[in-house]
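Structural overview for review
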Amino acid sequence: MTVSDIFATMDYGTAPENASEALAWIVDQGSRFGHFIDGTMTPVGEVFESRNPANGEILAHLSQATQDDVDAAVKAARRAQPKWEAAGGHARAKVLYALARLLQKHSRLFAVLESLDNGKPIREARDIDIPLAQRHFYYHAGMAQLMESELPDSAALGVCGQVIPWNFPLLMLAWKIAPALAMGNTVVLKPAEYTSLTALLFADICTQAGVPKGVVNIVTGDGAVGEMIVNAEVDKVAFTGSTAVGRRIREATAGSGKALSLELGGKSPYIVFDDADIDSAVEGLVDAIWFNQGQVCCAGSRLLVHEPVADIFHAKLRARMDKLRIGSPLDKSIDVGAIVDPKQLNAITTMVAANSAGITHVAACEMPVEGSFYPPTLITDLHPADTLMQEEIFGPVLVSTTFRTPEEAVSIANNTRYGLAASVWSENINLALDIAPKLAAGIVWINGTNMMDAAAGFGGVRESGFGREGGWEGLSAYTKPAKKGKAVKAIAPMTGSGAPTDEIDRTAKLYIGGKQSRPDSGYSTPVWAKNGTLLGHVPDASRKDVRNAVEAAQSAKGWSKTTGHTRAQILYFIAENLAARGDEFAKRIDDMQGGKSGAKEVDAAVQSLFTYAAWADKFDGQIHGVPIRGVALAMKEPVGVIAALCPADTPLLGLVATMAPAIAMGNRIVLSASEPFPLAATDFMQILETSDVPAGVVNILTGRHSDVAETMARHMDIDAVWSFSDSAHDSTIESGSASNLKRTWVQNGTAIDWTKPDAKTFLTHATEVKNIWLPYGE
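Conventions we followed
- Residues numbered from 1 in each chain as written.
- Predicted model: local features only at pLDDT ≥ 70, side-chain atom pairs only at ≥ 80, totals over all residues.
- Heavy atoms only, no water.
- Helix = DSSP H or I, 4+ residues; strand = E, 2+ residues; numbered from the N terminus.
- Rg over C-alpha atoms; globule rule 2.2 N^0.38 Å.
- Contact = heavy atoms within 4.5 Å.
- Areas by Shrake-Rupley, 256 points an atom, 1.4 Å probe, with all protein chains shown as cover.
- Lys, Arg positive; Asp, Glu negative; His and termini not counted.
- Charge placed at Lys NZ, Arg CZ, Asp CG, Glu CD.
- Pairing = 2+ DSSP bridges.
- Axes fitted to C-alpha atoms, helices over the stretch in contact; angles between N-to-C directions.
- Phe/Tyr/Trp six-rings, centres within 6.5 Å; stacked < 30°, edge-to-face > 60°.
- Core = buried A, V, L, I, M, F, W, Y, C linked by side-chain atoms within 4.5 Å.
- Buried < 20%, exposed > 50% of the residue type's maximum accessible area, 1.4 Å probe, protein only.
- Salt bridge = Lys/Arg side-chain N within 4 Å of Asp/Glu carboxyl O.

1. Focus on the overall build of the chain
When helices and strands are tallied, the chain shows 26 helices and 32 strands. Its C-alpha radius of gyration of 28 Å places the chain within 12% of the 28 Å reference for a compact globule of 778 residues. Taken over the C-alpha atoms alone, the chain extends approximately 105 × 65 × 45 Å along its principal axes. A separation threshold of at least 6 residues defines the contact pool for the chain, and within that pool the share at least 24 residues apart is 76%. Here the chain displays about 30200 Å² of accessible surface, and carbon together with sulfur accounts for 51% of that area. Each charge class in the chain can be summarised by its mean position, and for the 69 positive and 88 negative side chains these summaries are 5 Å apart.

2. Things to note about the sheet that holds strand β4 (residues 47-51)
Within a sheet, adjacent strands bond to each other through the backbone by hydrogen bonds, running parallel or antiparallel. The mixed open sheet is built from three strands, whose spatial order is β1-β5-β4. Single-partner strands in this sheet number two, and they are β1 (32-33) and β4. Note: β1 against strand β5 (residues 58-63), two bridges, orientation parallel. Bridging from a neighbouring strand, Arg 32 pairs with His 61 of β5. Along the sheet face, helix α8 (residues 197-209) touches β1, β4 and β5 and points at about 65° away from the line of β5.

3. Some thoughts on the packing of aromatic side chains
According to the stated counting rule, one finds 19 aromatic pairs in the structure shown. Their ring planes at 75° and their centres at 5.0 Å tell us that Tyr 572 and Phe 610 sit as a pair that is edge-to-face. Here Phe 610 lies in helix α21 (residues 598-615) and Tyr 572 lies in helix α19 (residues 564-580), a separation of 38 residues in the sequence. Taken together through their ring pairs, the aromatic side chains of Trp 722, Phe 724, Trp 745, Trp 754 and Phe 762 make up a single cluster.

4. A look at the environment of Met 494
The topology assignment puts Met 494 in the loop between β20 (479-481) and β21 (510-512). Taking the C-alpha atoms as reference points, Met 494 and Trp 528, 34 residues apart in sequence, are found 5.4 Å from one another. With residues up to four places along the chain from it excluded, the contact list for Met 494 reads Trp 528, Ala 529, Lys 530, Met 592, Gln 593 and Phe 677.

5. Notes on the nonpolar core
Within the largest apolar cluster, 121 residues are counted, with the highest numbers of intra-cluster contacts made by Phe 137, Leu 173, Phe 202, Val 216, Phe 313 and Leu 317. Phe 585, Ala 657, Ala 660 and Ile 663 belong to the second-largest nonpolar core, a separate cluster that totals 66 residues.

6. A closer look at the pattern of salt bridges
Per the stated rule, a full pass over the model turns up 28 salt bridges. Salt-bridge contacts for Lys 176 lead to Glu 469; the nearest nitrogen and oxygen are separated by 2.6 Å. Taken as a pair, Lys 176 in helix α7 (residues 169-182) and Glu 469 in the loop between β19 (465-466) and α17 (471-475) lie far apart in primary sequence, 293 residues in all. Here Lys 176 falls in the buried class, since its relative accessible area comes to 0%.

7. Notes on the sheet that holds strand β26 (residues 630-638)
With respect to topology, ten strands assemble into an open sheet ordered β14-β15-β16-β13-β12-β17-β18-β32-β26-β25, the strand pairing being mixed. The open sheet has two edge strands with one neighbour each: β14 (359-362) and β25 (622-624). Taken pair by pair, the neighbouring strands of this sheet meet at an average axis angle of 20°, ignoring direction. Here strand β12 (residues 269-272) pairs with strand β17 (residues 421-425) via three bridges, running parallel.

Here is the structure:
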C-alpha cells in the first residue's frame, strides 16, 4: 500500500514478523528434541508432533517421556537439591539473575517461537509474556538474596514436580521455576504437549546461565507424563490447568505428604456500572476476553452490565468487535490469533453450538481460510444459570447479562463455583472499593484488567484452586519450617469401671449455633479418669451434627464483617472468663489425664487467647510495589467456614489455640474436640455462652474424629479443614477436599508444640490474600 492509499482507506497493512531465526533454531536442534535431564538433552525417543496452529505445519518432533525418563529426571533433581540449597541465597540469586538477563538477550527469539508454537499474536508474546517472564526471574533473584535474612526459619521443600498449561507456556514456566529455584528447590517440569518449544529453548539458556546439572529438568509429553510426575517421589506438586485435572491431582496426592498448589479454571465477572467510562470499559473488555484468543484462566468471560447503560455498552462493544483483526499470529497488526489446537477449537465450537439462549453476535471480521481460528463472539441476554454463564469456554466467547443494583451485581458475580479474578468499572471509587472485597476472587482489577506482576500474588479461591504465584505469599508454597517437630503420639482414652465422681449426673452436649444440643446419633461415650472413676459421658457427633454445625456457621456470616477490634474484645472476654474458672479447668484436665499439668495448660490457653486478640487488628495486608501508576492492595480476608480436628494431648489448649486464630481473622469454626479427653471442651462451652460470642461463630462437637473427618472434608459449605489429630485422617481429609477443592492443613504425623506455636503460621492458614489493583491518574 502507498501512503495515499492508506489515507484514502485508513486500512491496516500487514506487518509480518520474520520467523527465520526461530525456525533456524529448531533446525539447528535437528527439529527433533529429547528431554532436558541432568543438564543435558537426552536422545530422541518416541515422538509426537508440535504444530503451528495458524497453518497446521509441523514445527518439530518432540519426545514422549516414559516412566524411566521421569524417574531419571526426579533422581537427577534429588541428587542436585542438597548442594543447590547449601550454595546459599546469593549463589542462587546470581544464577536467577543470569537467567533473567538471557531471557532479555534472546527476547525476540522467545517471542517469535512462542507465537509460532502457541498461535498468540506476536505483539502479546513480545510485549507481555516475555517481559513478565523476565520480571519473575529478576524478582525472584531478589527473593533468593533475601531468603537468609528475611526467612531465616524456612528451608527448601526439596524436589518440585511442576505441570504447566499451553496458554502461557514461557510465563507459566517462569511462575513455577523462579520461586522454586530461589528457595533452594530443584524442579522437574512438564510443559504442555501443544507448546513445549519455549521450555526447550529455556533449557538451552539454563546451560548458558550456569544452572547446575539436575537443578532444572524438563520432560515433554502428554497428560500421562504429568500423571507420572504427580505420582513420582517429589516433595511438591505445582499444577496450573483445568479444575477437573486439579481435582484428580488432589485425590492422587492425598495422604502422601506432598505439598500442593493448584491454579485452575475461572469464569471471571467483568462488572460495568452506569457511571463507568464506557469507552475505556469497552477497550478493557477487548483485553479481558480476546487477549490470547480468550484462552486465559482469568479472562473476563462474564460481562455484567448495569441496566441503564446496557444497550449503549453492547452497541459500542459490537462495533468494536467488528473492527478486530484476525490473522497470522506473526502479523504485528492483528488482534486475535489462532486457537492452540483443532481439538480446542472443536471444544469451543461444540459448546457454543449447543447454546440456544440469548442473542449471539459474531464479529464481522475477515477469517483466515486455514488454521485453527474462531471469531470473537458475544452472547447477550443470558440468565445467570445458563450453561455458558457457568462453564468455562476457554475461547474468544463473551457471555453477558445485566443487573440493577450493586447488591445484585455482587450476587450474580459470585454465582459461580469459581473464584479466580474479577474486574470492576466505575468512576466512583467508593463504589468500586465497596464492591471489590465482596467478590469471591483472588484478584480484583478496578478500571483495568489482566494486570499482573511478580510482586503481587496471583491465584484463586473456591474451585479456582489454592495457593498463590508470585509475591511473598507465593514463596510459602516452596518452603517448609527449617526445624522438624516431634512425631504425633497416639493417645488412647482411659478405661475404668468405677462409680461416677459427680453426685448429680452432668449431661454434656454438643455446642451448635450458640446453644448446647443433643447429638443426632443418640449415642454417648463414657469418659474415665486415670484412676478408673467415671467422669461423665460425651455425645458422639455424626454427619448430621456436622451438617447442623455448618448451617449454624453459615448463618453467622456477619462475623466476617466485624472489625478486628471487635473480635479482639471478645477474645479478651473469653480469656477473662476462662481465667476466672482456671482452677476448675485445671482440675478437670488433671482428672482426665492423671497428671498435674492442668494449671499450666489453662495458663497457656489464656495466653493464646491474648496472643490472637492482639493479632486480630494487626495482621495487616500490604501494598505491593508493582510497576504501574497505582497500587496493588493485598487484603487478608477470612477463609470462611473452617472445620478442625483438635489435638488429643492438650484438650483445652489445643481447642483454644485452634479456635482463636480462626475467629480472630473473622472465620467461623466447627471444632471436633480431643478424642480421649473431651470434657475440657464441653466445659468450655459454658465459657463461650457467657463471653458474647455470636451464635454460630464457634461450634464444638465431641466423639470419634473418624466419624466426622470425611464428612467435613466433603462438605461443600466448608472452606477449609485443619487436622491436628492422628495422621490416619490425613488421606481422608485431603482426598475428600477435592469435592470443592477446599484448603486443607494436615500435619503429616508431626506434632505442634502448643505452648509456643508459630502464630503467623496459624494466621496465614486462617486468611486468604486478595489482591486489588487500583490504577490512578487521568
